[in-house]
Amino acid sequence: MKILVTGGAGFIGSHLVRRLVVQGGHEVVNLDALKYSGNPANVKDLEGKASYRFVHGDIADQPLVERLLREHRIEGVINAAAETHVDRSILDPGSFARTDVVGTGVLIEESRRAGVLRFLQVSTDEVYGSVETGSSTEDDQLAPRSPYSASKAGGDLLALSYWTTFRFPVVVTRGSNTYGPNQYPEKFIPLFVTNAIDDQPLPLYGDGRQRRDWLAVEDHCAAIEHVFLQGEPGHVYNVGGGNERENITVAEQMLAYLNKPRNLIRFVHDRPGHDRRYAVDCGKVRQLGWKPTVPFDVGLRATVEWYRTNESWWRKIKSGEFRAYYEEMYGKRLLDAGGK
Ligand code: DAU
């Protein structure tokens, strides 16, 4: 199949593109705007392959998207392009609405006009909002609470409206917290691992008792591919790893793997509007034939090891634009918590 993957130089996108090209035998055009977290190094190994093409550009650029879809006779589109970090959505909400809502709108409209046969929207379990008990099913009402999750919910619902209105064959995945190699070090796991390697404090928000369901990136990408090929048009599929943990437990586990002291943890001011817990019911995607395969302890240890042995990848990032972001996000918090 000829597939356009957007955001394919990002974390999940790059693993997905590699899977589709190398394991799936598909032809892939990778459209990525290469904003702060898009990284050409993530897909360098694919350069030169006949079935792979990289295009630098934005999903909101209508003429470009229109041209690409027709020029490459694209049959399927997977939208993995997004602004994804909750903390940044608090600093700059506008960029989230632009990419996650408006960009998705441009991409899906052009895909429909070009007669694309299948469109998958990569969404998130955060659209359900904070779930204190039980787990969200696909029919639950959406209750996003951050500019990030509200923007993702906008893109998610916009995509689904194309099935209802136009019978355009859309499927949506709502994945849980994903971890693995190549994740930009603003996110919890790579931030804590790389800080710990450098004996820097780990800024744990609030009481550290928030809960997330951790999903290995290879399992997440397998689910996206499976739903893309097998999912029923107009349907949503929750995708979770089945590894619900408190943040503090994960932080302690990472420190133990690195043989670093627990006193690197600093309890800092909480994220505004911090969702306490996410949990998804994955019965529907399991019925479709997907299930997670990576036990959390194995995946987390391998991830810690990847950051330990790929320092040049993340040191380059952490020495750039990231420093100003880190200071803005954590400078005062860490001082208030008793020093950097
Ligand atoms: O649930 C899926 C979502 O998971 C994705 O849609 C998002 O793109 C992804 O960023 C992630 O959202 P979270 O807000 O849960 O991920 P994050 O890595 O930012 O934080 C995970 C937990 O760790 C959360 O409870 C906040 C906490 N945390 C995070 C950071 C960056 C800290 O305690 N300290 C930190 O410095």
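Residues numbered from 1 in each chain as written. Predicted model: local features only at pLDDT ≥ 70, side-chain atom pairs only at ≥ 80, totals over all residues. Heavy atoms only, no water.

Engineer: Can you tell me about unusual backbone geometry, naming the residues and giving the values?
Structural biologist: In this structure, leucine 34 takes a positive phi of about 50° despite not being glycine. Relative accessible area serves as the criterion here: at 27%, leucine 34 is assigned to the partly exposed category. You will see that arginine 73, though not glycine, has its phi angle at about 45°, which is positive. Looking at where arginine 73 falls in the secondary structure, it is placed in the loop between helix H2 (62-71) and strand E4 (76-79). (Buried < 20%, exposed > 50% of the residue type's maximum accessible area, 1.4 Å probe, protein only. Helix = DSSP H or I, 4+ residues; strand = E, 2+ residues; numbered from the N terminus.)

Engineer: If you had to explain the environment of asparagine 177 to someone new, which residues and values would you point to?
Structural biologist: Relative to the helices and strands, asparagine 177 resides in strand E7 (residues 177-179). Along the sequence, asparagine 177 and glutamate 244 sit 67 residues apart, while their C-alpha atoms lie 9.8 Å from each other. Setting aside chain neighbours within four positions, we find asparagine 177 in contact with Asp125, Arg212, Asp213, Trp214, Leu215 and Tyr278. (Contact = heavy atoms within 4.5 Å.)

Engineer: Break down the packing of aromatic side chains for me, with residues and values.
Structural biologist: With the rule as written, the count across this model stands at 17 aromatic pairs. Seen in terms of ring centroids, phenylalanine 96 and tyrosine 148 are 6.3 Å apart; in terms of plane orientation they differ by 85°. Their pairing is edge-to-face. Of this pair, phenylalanine 96 sits in helix H4 (residues 93-113) while tyrosine 148 sits in helix H5 (residues 147-166), and the two are 52 residues apart along the sequence. The rings of Tyr36, Tyr184, Tyr205, Phe322, Tyr325, Tyr326 and Tyr330 are connected pair by pair, giving a single aromatic cluster. Here the basic side chain of arginine 88 rests over the ring of tyrosine 325, its NZ or CZ set 4.0 Å away from the ring centre. (Phe/Tyr/Trp six-rings, centres within 6.5 Å; stacked < 30°, edge-to-face > 60°. Lys NZ or Arg CZ within 6 Å of the ring centre and 35° of its normal.)

Engineer: Can you break down the sheet that holds strand E1 (residues 2-6) residue by residue, with the values?
Structural biologist: Pairing is parallel across the open sheet formed by 7 strands, whose spatial order is E3-E2-E1-E4-E5-E6-E10. The two strands at the open ends of the sheet, each matched to only one other strand, are strand E3 (52-56) and strand E10 (236-239). Averaged over all pairs of adjacent strands, the angle between strand axes in this sheet comes to 20°, irrespective of strand direction. Examined bridge by bridge, E1 and strand E2 (residues 27-32) share 5 bridges and lie parallel to one another. In the sheet register, threonine 6 faces E2, and the bridge partner there is leucine 31. (Pairing = 2+ DSSP bridges. Axes fitted to C-alpha atoms, helices over the stretch in contact; angles between N-to-C directions.)

Engineer: Describe the packing of H4 against H5, listing the residues and the values that go with them.
Structural biologist: Remark: H4 packs on H5, axes separated minimally by 8 Å, with the N-to-C direction vectors making an angle of 15°. When the axis of H4 is compared with that of H5, the two are roughly parallel. Judged by the sense of rotation from one axis to the other, the crossing of H4 with H5 is right-handed. Within the contact between the two elements, H4 uses Pro93, Phe96, Ala97, Asp100, Val101, Thr104, Gly105, Ile108, Glu109 and Arg112 and H5 uses Pro147, Tyr148, Ser151, Lys152, Gly154, Gly155, Leu158, Ala159, Tyr162 and Phe166. In terms of residue class, the contact of H4 with H5 is built from 11 nonpolar, 5 polar and 4 charged. (Parallel < 35°, antiparallel > 145°, perpendicular 65-115°, else oblique. Left-handed = near helix turned anticlockwise from the far one by under 90°. Nonpolar A, V, L, I, M, F, W, Y, C, P; charged D, E, K, R; others polar.)

Engineer: Pulling in residues and values, what's your account of the pattern of salt bridges?
Structural biologist: Should the charged atoms of two oppositely charged side chains come close, the side chains can pair. A complete count under the given rule lists 26 salt bridges for this structure. Between glutamate 27 and lysine 2 there is a salt bridge, with the nearest N and O atoms lying 3.9 Å from each other. Taken together, the residues span a long stretch of sequence, with glutamate 27 in strand E2 and lysine 2 in strand E1 at a distance of 25 residues. Classification of glutamate 27 as partly exposed rests on a relative accessible area of 40%. Taking the relative accessible area as the measure of exposure, lysine 2 reaches 27% and is therefore partly exposed. Glutamate 109 is the partner of arginine 112 in a salt bridge, and the nearest nitrogen-oxygen pair spans 3.1 Å. You can see arginine 112 and its partner glutamate 109 sitting in helix H4, 3 residues apart, about one turn around the helix. (Salt bridge = Lys/Arg side-chain N within 4 Å of Asp/Glu carboxyl O.)

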